[in-house]
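One letter stands for each residue in the lines below.
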Amino acid sequence: MSTSANKPTQTMAKSTLVYSCVAVFCLVFFLIYDQFSHGVHSPYMTWLFGWPLLLGALPCAVFWRIPRLRRPGWLSVRLYHSGVAALTVSSMLRGIFEIAGTASDYQQWLMIAGGLLLLGGVVAYFFKK
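Residues numbered from 1 in each chain as written. Predicted model: local features only at pLDDT ≥ 70, side-chain atom pairs only at ≥ 80, totals over all residues. Heavy atoms only, no water.

Engineer: I'd love a proper account of the pattern of salt bridges, names of residues and values included.
Structural biologist: Enumeration over the complete set of coordinates arrives at one salt bridge. Glu98 serves as the salt-bridge partner of Arg94, at 3.4 Å between the closest nitrogen and oxygen. Placement of the pair is Arg94 and Glu98 together in helix α4 (residues 74–100), with a separation of four residues, close to one helical turn. Given a relative accessible area of 27%, Arg94 falls into the partly exposed group. (Salt bridge = Lys/Arg side-chain N within 4 Å of Asp/Glu carboxyl O. Helix = DSSP H or I, 4+ residues; strand = E, 2+ residues; numbered from the N terminus. Buried < 20%, exposed > 50% of the residue type's maximum accessible area, 1.4 Å probe, protein only.)

Laid out in structure tokens, this is it:
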């Protein structure tokens, strides 16, 4: 049986699990991609799993395990999750481009947009009524 008091805790537990799975996927993606990169390495690809782990799973775990913290609203959650997703995809693209020996301006714009979305989520959390 679920009550409305348990719903935010369950949501944070689910988010922690999802971000952890995404971090594992990114690590496996890196390990497979590294096998076919002909010895070329990129720190953006090597540490790809860090974005969802440090910016996703860790904050969600803190909200999950410390229930007295004020829960983020829908706007801050969506902005924050979108920012983490944009930073993760941008890091993956940059790693692929560096390994391939090319570059793209779009990846840099995606990194900036991800940072702004992340910042917007944090600001929305602190200025929630």
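Past the structure itself, the notes keep going.
Engineer: Account for the nonpolar core, with residues named and values stated.
Structural biologist: Considering soluble globular proteins, one finds that nonpolar side chains tend to be buried as a cluster. Counting residues in each nonpolar core, the largest one holds eleven residues, listed as Met12, Tyr19, Ala57, Cys60, Phe63, Tyr80, Val84, Leu87, Met111, Leu118 and Tyr125. Those elements giving two or more residues to this core turn out to be α1 (7–35), α3 (50–65), α4 and α5 (105–126). Among residues more than four places away in sequence, those in contact with Tyr125 are Phe63, Arg70, Arg71, Pro72 and Ser76. Listed in part, the six residues of the second largest apolar core include Phe30, Met45, Met92 and Ile99. (Core = buried A, V, L, I, M, F, W, Y, C linked by side-chain atoms within 4.5 Å. Contact = heavy atoms within 4.5 Å.)

Engineer: I'd like a rundown of the side chain of Ser91, residues and numbers included.
Structural biologist: Here Ser91 lies in helix α4. The class of Ser91 is buried, set by a relative accessible area of 1%. In contact with Ser91, other than residues within four places in its own chain, are Tyr44, Leu48, Trp51 and Met111.

Engineer: Which residues make up the layout of surface pockets, and what values do they have?
Structural biologist: Taken as a whole, the largest pocket holds about 390 Å³ of empty space. Contributing to the lining of the largest pocket are 18 residues, with Met12, Phe63, Pro72, Ser76 and Val77 lying nearest its centre. Here the lining of the largest pocket is built from residues that sort into eleven nonpolar, six polar and one charged. (1 Å grid on protein atoms, 1.4 Å probe; cavity = no way out; pocket = protein on both sides within 12 Å on 5 of 7 lines; lining within 4 Å. Points joined across faces, edges and corners; volume = space filled by probe spheres on them. Nonpolar A, V, L, I, M, F, W, Y, C, P; charged D, E, K, R; others polar.)

Read these as layout, nothing more, since geometry by itself doesn't imply function.
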